[in-house]
Amino acid sequence: MNRCENCNIYIYDDTEICPLCHSILADVSEDEKERVIETYGDEAPYPDVTEGIKRVNFAMRLLLFIFILTEVAAVIVNLLTTPKFLWCLLSLVGLAYIFLFLRHWIKHDSGYSAKIGFQIFMSMVLMVIINVVIGKPYWSLEWCLPGMIILGDVLVFIFMLLYRENWFSYILLLVLMVICSVILWVLFALGFIKSIILLIICSAISGVFLLVVAIFKDREVKRELKRRFHV
Amino acid sequence: MKDKKANKNNKKNEKIKGSSVINENIIGDEKEIKQDNKDKKDSKKSGSDGKKREPRKRGKLSWDKLDNTATLFPVIATQEMSNVYRIAVNLNEEVDEEILEEAVHRVVEQIPLFGMRLREGVFWYYFEENNKPLPRVMEETQVPGAYINKTRNNQYMFRVTYYKCRINLEVFHALTDGFGGSIFLKEIVYQYLRLKHPEDLKDEKDKISSGIFLDSEDSYVKNFKKNKKYKKYKSSKAVTLEGEKFVNGKLGVMHGFMKFSEVRAASKKRGLTINQYIVGMFVYAVYKEYLNSSASKYPISCCVPVNLRPYYDSHTLKNFFAMVSADFQPDDREYTCDEVLNIVKENLEEKITKKNLDDILSYNVSNEKNMLLRIIPITVKKFALRRVYGASTHATTATITNIGNFKLKEPYEKYVENFYCILSMSKGQNMKGAVLSYNGILNINFSSCLTDTSIQKRFFKLIEQDGVEIAVETNGVYYE
């Protein structure tokens, strides 16, 4: 402990400089120090916590740097080799997706069900974008989207088993899968989807899954929906 | 192994629930903790979490709506604007991690609000009973008031850390305000000390203090009166304290300790309450140091949260406060300290009245009562709330809160040296202050993301010139 003669205050910190006026501090006698501690209490120092912050920031920045370098390299190679087909756009979308995916999982603090739902939705969007860049036929609608819905159902099932105490938290995700299936049927009716096999499988899985839960666990489902839909 | 541990915890919880258990059992409990510590070391090796909370019947988890103010916090909370506050206590001895963890576990079991997690519904957020294990009590590794990542915190909305003799409780504001946080921290301290000093405190009952209300009503809604003249929060621009900021999310913390009696005498001499005196001095310090005593296009607006409980006879543990502001817009002439203090006094006296607080409360709740707004999906609400909040962020220069006098029960007092309160930064507010007192010592805590300390320097100098002796402590970032 020292004393700032300019500010006329005692400074607990282990320093020679006043944090307020930056003047050099004066020593305090042992008696005076004892009196101040007895009056105001002893010092309560803080740990140095900057290293942890630096590490996380550095990792994300390093990743961003590597991705930008990779994409720049991809653009150059693309333009030099196959300038008529811009596959570098695909790598750009892919890298952006991976970066945002990691950022979302590391930084965002929503629950697993929200994260899974968001990632499935984003993966669907990614597939559609890639498909649009490459052009017809709409393989993303016919195969990837139903595939993602089946994957979503499987993940919901696994998570319901893993977190049995909170299995009902995933009901909304299940409802989302059914809604996605309905949307695919609309696209089928509009003629965007030709092959019906995977569409039937994903709709059946989602529908039956939701039906089983709604019939055999009706009370829990009601409670969960009441919570989720409270106005 | 897991089952064994769960059984043991259940037995322990049964003990807690049998509230007539007195401290004779604590000595036995301490042995149990030692055994638990052994288990915990094993679990640490395997990287698992702390103790599992008492299992509930599946699907029967209790839930609750958020209070009126809490609705905003989850929407606007980010890494940079965490909406987390810290209340800390400095003991006379080094903190024992295992005992502290056990104390937290026991207190959470008895104060259900802190055992909740935040969930997102289709229209609103809501609280749901959290049956995940409590997060580990760990040594402090983050800046005060750092964002609480709920996924990494097992969805709990509070965090307990320690460093040397200090116990830190950090709470996400959606859960409760300083009133609720201080009750929770005091109970943790009591429980910790009972476990740490079973012989000394053998006459103390091993349960949370009698007289504590576990009421978690939404007092905003309960006290809402339909009013045609709603008092809207102002959104006109105020002076924003700008300057060089700390990098890497660092936060400057400065505690000023002074005798309560000296501050009271100084404020009385100027015909002010302690609150008016502190807020007034801060506004004057901003005027002198930031505006250099010159005229300003915008007012210096210092926000003061008012605890509404005494005005509405509420004992809720949830948030129940309203914001009023002390505004001072300097013109061309130079103002003296007394003039500024009087302007602040008049401002606060005019705004902290039952009538005005009624109007603020009615305005806050009126939107929530609107059926059309209620049925808007939460995604749209979030977007709109962020825009509305963003537009009002520059309406405040700083916030100064007084969380009051901390009083501990007599047998525990000798173990506790001091209390602290630290507020995290908000958008547009680069400096905040929190005031509290304990054992005759007033502690004014400034948190700031600005490297410059001239406002704090002027503030403490003004008070010192009024005959108040001051001792200052910082978190060390001002020397880096």
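## What about the pattern of salt bridges?
For the structure on display, the rule yields 29 salt bridges over all chains. The salt bridge partner of Arg86 of chain B is Glu170 of chain B, with a shortest N-O separation of 3.0 Å. In this pair, Arg86 of chain B sits in strand 2 (residues 84-91) while Glu170 of chain B sits in strand 7 (residues 166-172), placing the two residues 84 residues apart along the sequence. Neither Arg86 of chain B nor Glu170 of chain B differs from the other in exposure class; each is buried. In this structure, the salt-bridge partner of Glu140 of chain B is Arg166 of chain B, at a minimum N-O distance of 2.8 Å. With Glu140 of chain B in the loop between strand 5 (138-139) and strand 6 (158-163) and Arg166 of chain B in strand 7, the pair connects residues that are 26 residues apart, well separated along the chain. Note on accessibility: Glu140 of chain B and Arg166 of chain B belong to one class, buried. Residues joined by salt bridges that share partners form a network here, namely Glu224, Arg227 and Arg228 of chain A together with Arg117, Arg119 and Glu128 of chain B.

## Topic: the domain arrangement of chain A
All names here are of chain A. The domains assigned to chain A are domain 1 (2-40), domain 2 (49-109) and domain 3 (112-231). Placing the centre of domain 2 and that of domain 3 at their C-alpha centroids yields a distance of 28 Å. At the junction of the two partners, domain 2 supplies nine residues and domain 3 supplies 11 residues. The contact between domain 2 and domain 3 buries some 1,000 Å² in all, and 79% of this surface belongs to carbon and sulfur atoms. A per-residue breakdown of the area domain 2 buries against domain 3 is headed by Leu90, Tyr97 and Trp105, which together make up 53% of the total. The interface formed by domain 2 and domain 3 includes zero salt bridges. One can count two residue pairs in polar contact (both at pLDDT 80 or more) joining domain 2 with domain 3.

## Some thoughts on the interface of chain B and chain A
Accessible area lost on assembly of the parts is the figure often given for the size of an interface. The interface of chain B with chain A comprises 69 residues on the first partner and 54 residues on the second. Summed over the shared surface of chain B and chain A, the number is three salt bridges. The residue Arg227 of chain A makes a salt bridge to Glu128 of chain B at a minimum N-O spacing of 3.1 Å. Between the two partners, chain B and chain A, sit 24 residue pairs in polar contact (both at pLDDT 80 or more). When residues in the side of chain B that touches chain A are grouped by element, the largest group, six residues, is from strand 8 (residues 252-259) of chain B. Grouping the amino acids of the side of chain B that touches chain A by side-chain chemistry returns 28 nonpolar, 17 polar and 24 charged. Bridge count for strand 2 (residues 9-11) of chain A against strand 15 (residues 470-474) of chain B is two bridges, and the pairing is parallel.

## A closer look at helix 11 (residues 354-369) of chain B
Residue and element names in this part refer to chain B. Here helix 11 spans 22 Å end to end across 16 residues, near enough to the 22 Å set by a 1.5 Å rise per residue. Residues Asn356, Leu357, Asp358, Asp359, Ile360, Leu361, Ser362, Asn364, Val365 and Ser366 constitute the buried set of helix 11. Looking at the buried positions of helix 11, the neighbouring elements they touch are helix 6 (219-222), strand 9 (300-307), helix 9 (309-312), strand 10 (321-328) and helix 10 (337-351).

## Thoughts on the environment of Tyr287 of chain B
Residues and elements named next belong to chain B. Turning to its location among the elements, Tyr287 is positioned in helix 8 (residues 274-289). With relative accessibility at 0%, the residue Tyr287 sits in the buried group. Along the primary structure Tyr287 and Asn92 are separated by 195 residues, whereas in three dimensions their C-alpha atoms are 39 Å apart.

## Things to note about the sheet that holds strand 4 (residues 125-129) of chain B
Residues and elements named next belong to chain B. The sheet built from three strands is open, its strands ordered 1-4-3 with antiparallel pairing. Looking at the sheet topology across the chains shown, the edges are occupied by strand 1 (63-65) and strand 3 (116-120). Averaged over all adjacent pairs, the angle separating strand axes in this sheet is 30°, with direction ignored. Sheet analysis places strand 1 next to strand 4, joined by three bridges and oriented antiparallel. From the neighbouring strand, Asp64 faces strand 4, where its bridge partner is Phe127.

## A word on helix 10 of chain B
All names here are of chain B. Here helix 10 spans 21 Å end to end across 15 residues, near enough to the 21 Å set by a 1.5 Å rise per residue. The complete set of buried residues in helix 10 reads Cys337, Val340, Leu341, Val344, Asn347, Leu348 and Lys351. Along helix 10, the residues classed as buried sweep out an arc of 125° about the axis, all on the same side. Seen from the buried face of helix 10, the exposed residues on the opposite side, beyond 90 degrees, are Glu346 and Glu350. In this structure, the buried residues of helix 10 make contact with helix 8, strand 9, strand 10 and helix 11.

## Examining the sheet that holds strand 12 (residues 416-423) of chain B
All names here are of chain B. Read from one edge to the other, the open sheet built from five strands follows the order 5-6-7-2-12, with strand pairing classed as mixed. Edge positions in the sheet fall to strand 5 and strand 12, since each of these pairs with one other strand and no more. Here seven bridges tie strand 2 to strand 12, and the two strands are oriented antiparallel to one another. Of the residues in strand 12, the one forming a bridge with Val89 is Phe419. Packing against the sheet, helix 4 (residues 97-110) makes contact with strand 6 and strand 7, and its axis sits at approximately 155° to strand 6.

## Side note on the pairing of strand 8 of chain B
All names here are of chain B. The buried fraction of strand 8 is high, at seven of eight residues. One ladder, built from eight bridges, connects strand 8 with strand 14 (residues 441-448); its direction is antiparallel. Each residue of the ladder has a partner; that of Lys259, found in strand 14, is Ile441. Where strand 8 and strand 15 come together, five bridges link them in antiparallel fashion. Paired with Gly256 across the bridge in strand 15 is Val472.

## A closer look at the state of the cysteines
All names here are of chain A. Considering all chains together, one arrives at zero disulfides over all chains under this definition. Left without a disulfide partner, Cys21 is nearest to the cysteine sulfur of Cys4, which lies 3.5 Å away. With no disulfide of its own, Cys180 has Cys202 as its nearest cysteine by sulfur position, at a separation of 9.0 Å. Take Cys180: its relative accessible area is 17%, and that puts it in the buried class.

Conventions we followed
Residues numbered from 1 in each chain as written. Chains lettered and ligands numbered in written order. Predicted model: local features only at pLDDT ≥ 70, side-chain atom pairs only at ≥ 80, totals over all residues. Heavy atoms only, no water. Salt bridge = Lys/Arg side-chain N within 4 Å of Asp/Glu carboxyl O. Helix = DSSP H or I, 4+ residues; strand = E, 2+ residues; numbered from the N terminus. Buried < 20%, exposed > 50% of the residue type's maximum accessible area, 1.4 Å probe, protein only. Domains from an automatic or database assignment. Contact = heavy atoms within 4.5 Å. Buried area = accessible area lost by both parts, 1.4 Å probe. Polar contact = N/O pair within 3.5 Å; in protein donor to acceptor, adjacent residues only side chain to side chain. Nonpolar A, V, L, I, M, F, W, Y, C, P; charged D, E, K, R; others polar. Pairing = 2+ DSSP bridges. Expected span 1.5 Å × (residues − 1). Axes fitted to C-alpha atoms, helices over the stretch in contact; angles between N-to-C directions. Arc of directions from axis to C-beta. Disulfide = S-S within 2.5 Å.

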